[in-house]
Amino acid sequence: DWSSDVCSSDLPTAFSSATQLLASVPATDIASAGTVGITVQNPGGATSPATTFSIGAPALKITTALLPDGVVGTAYSQVLAAQGGTQPFTWTLTAGTLPGGLNLDPASGTLSGTPTGASSGTLGITCTDALGRVATRSLNLNIAVVLTISTASPLTQAVAGTAYTAQLAASGGTPSYLWSISGTLPPGLTFSVASGLIGGVPTTPGNYTFTIGVTDSRQQQNASKVFTLAVTVATLTINGLNTSVAAAQQVPLSVTVGSAYPVDLTGTLTVTFTSAVGGDDPSIQFSTVGRTVTFTIPNGTTTAVYPQNQQLLLSTGTVSGTITLKATLQSGGVDITPAGLAPVTGTVPKVVPVITAATLKPATGGVSVTISGYSTTKELTQASLQFNPASGSSLTSSALTVQLGATIAAYYQSTASAAFGSQFSVTIPVGIQGDVTAIGSVTVTLTNTQGNSAPVTAQMQ
């Protein structure tokens, strides 16, 4: 019969000799330290006195088999474990060097702290129990830099219809890396989870957002980052404005892309003006009124359409300077204007005055000559009047030069002229001695610093 502190049971026996019996004791009956009493009973029922035995503590063993990785700058804590022996235990480092920032608590076996630098090495750990029994184990401890995705977002723009690649990069952790993606890549592009490479030929302009994840080779660190990738059109062209453009014109404009795309594109076209002679010219604007116009390039087409499907015209004004056209393009409200798209410019040159109308009327004491026109230089020096006799009449004096510099300069500097660019209308009274009916017409020529205008003849009204 087998009796202990925790159990009592009969054990089967077998003779090993005339004076010895062999009994098998299950391991579960001696798993814990304690005392047991053994008695022997013969077939007739007689029982021997009990004999007492002591069961010692199990052998001491360190059971921690693996230390998880630590991360530089991140608090670390791992409790070492042992079984068997007699507590309390004492833990010591007997080989290797603890990474900077970590300490081993001898009483609890806790390895803790905040690592200050990357390292990798083997630690020799010893556990000593209360009876002086010893267990040792070698454990590898890796301290890695925090895993991050180092590629910046947004990614470099892609161009629809053109081959594109973007190599994502990570640092920290323990290479190599395994990549993942969630969200939507631009149609036509694929992502390699093995290499972190985005590649292909994008087909649809727009702005795309997706999340890239990465895991290190020990699968103990993960990182993720949200990326955006804009797919622009290959070309965006403003047509119609030449490098040199005449004043007072209505120039037809168009905006086109190089290829048709499967989505509607929208955009804006803006005109600005830089005067070569000061001030502005508000008449430089689109036929839609204003200096900005929106447009749409319907899917499957390459040419912009404008409000009410009207032809877009640009008024070139009457002031010398530079007209600049700039376009932007959007898809789904996101800017997809091609990178580095240059504006289109046209220069209105400084030229001789242009007379658009002239009138000759009788007036008290003579006649009145009214001249309308424009001068891209925003100045006039003089007007030359050549009076021509009516049929059957003659004139004793027919030529007159009128200085206009001060008068016109004052006009161009006034707020009254601001809305009209360089357009002007000047009335010149001319005193006449004799019969004004002898005058049939007047031929007018204007002069500025660029020269003389084409002559214009006005009949007497």
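Residues numbered from 1 in each chain as written. Predicted model: local features only at pLDDT ≥ 70, side-chain atom pairs only at ≥ 80, totals over all residues. Heavy atoms only, no water.

Observations regarding the overall build of the protein
Stage number 1. When its secondary structure is counted, the protein shows 1 helix and 40 strands.
Stage number 2. In summary, the protein has a C-alpha radius of gyration of 50 Å against a globular reference of 23 Å for 461 residues, an excess of more than 25%.
Stage number 3. Across the 461 residues that make up the protein, the buried fraction comes to 37%.
Stage number 4. Intrachain contacts of the protein at a sequence separation of at least 6 include 63% that bridge at least 24 residues.
Stage number 5. Taken as two groups, the 10 positive and 14 negative side-chain charges of the protein have centres that lie 17 Å from each other. (Helix = DSSP H or I, 4+ residues; strand = E, 2+ residues; numbered from the N terminus. Rg over C-alpha atoms; globule rule 2.2 N^0.38 Å. Buried < 20%, exposed > 50% of the residue type's maximum accessible area, 1.4 Å probe, protein only. Contact = heavy atoms within 4.5 Å. Lys, Arg positive; Asp, Glu negative; His and termini not counted. Charge placed at Lys NZ, Arg CZ, Asp CG, Glu CD.)

Details of the packing of aromatic side chains
Stage number 1. All told, the structure shown has 2 aromatic pairs when counted by the stated rule.
Stage number 2. On the basis of an interplanar angle of 65 degrees and a centroid distance of 6.3 Å, the ring pair of Phe295 and Tyr306 is categorised as edge-to-face. Here Tyr306 lies in the loop between β28 (292–297) and β29 (312–315) and Phe295 lies in strand β28, a separation of 11 residues in the sequence. Note on accessibility: Phe295 and Tyr306 belong to one class, buried. (Phe/Tyr/Trp six-rings, centres within 6.5 Å; stacked < 30°, edge-to-face > 60°.)

Remarks on the sheet that holds strand β37 (residues 423–431)
Stage number 1. Reading across the sheet, the 3 strands line up as β33-β34-β37 and stay open at both edges, with antiparallel pairing between neighbours. The strands lining the two open edges of the sheet, one partner per strand, are β33 (354–363) and β37. Strand-to-strand twist of the sheet, defined as the mean angle between neighbouring strand axes without regard to direction, takes the value 15 degrees.
Stage number 2. Examined bridge by bridge, strand β34 (residues 366–374) and β37 share 9 bridges and lie antiparallel to one another. Bridge pairing in β37 places Ser368 opposite Pro429. (Pairing = 2+ DSSP bridges. Axes fitted to C-alpha atoms, helices over the stretch in contact; angles between N-to-C directions.)

A few points about the pattern of salt bridges
Stage number 1. Counted by the stated rule, this structure contains 3 salt bridges.
Stage number 2. With a shortest N-O distance of 2.4 Å, Asp69 and Arg218 are connected by a salt bridge. Placement of Asp69 in the loop between β7 (61–62) and β8 (70–71) and of Arg218 in the loop between β23 (206–216) and β24 (222–232) is noted, with a sequence separation of 149 residues between them.
Stage number 3. A salt bridge links Arg291 to Asp280; its shortest N-O distance comes to 3.3 Å. Highlighted residues: Arg291 in the loop between β27 (265–275) and β28 and Asp280 in the loop between β27 and β28, separated in sequence by 11 residues. (Salt bridge = Lys/Arg side-chain N within 4 Å of Asp/Glu carboxyl O.)

Re the layout of surface pockets
Stage number 1. Approximately 330 Å³ is the volume attributed to the second largest pocket.
Stage number 2. What lines the second largest pocket is a set of 16 residues, and nearest its centre among them are Leu395, Thr396, Ser397, Ile432 and Gln433.
Stage number 3. Across the lining of the second largest pocket, the residue classes tally to 8 nonpolar, 7 polar and 1 charged. (1 Å grid on protein atoms, 1.4 Å probe; cavity = no way out; pocket = protein on both sides within 12 Å on 5 of 7 lines; lining within 4 Å. Points joined across faces, edges and corners; volume = space filled by probe spheres on them. Nonpolar A, V, L, I, M, F, W, Y, C, P; charged D, E, K, R; others polar.)

Some words on the side chain of Thr204
Stage number 1. As for its position among the elements, Thr204 is in the loop between β22 (197–200) and β23.
Stage number 2. Side-chain polar atoms of Thr204 contact the side chain of Thr203, separated by 3.3 Å.
Stage number 3. Leaving out residues up to four positions away in the same chain, Thr204 has contacts with Pro187, Val231, Pro262 and Val263. (Polar contact = N/O pair within 3.5 Å; in protein donor to acceptor, adjacent residues only side chain to side chain.)

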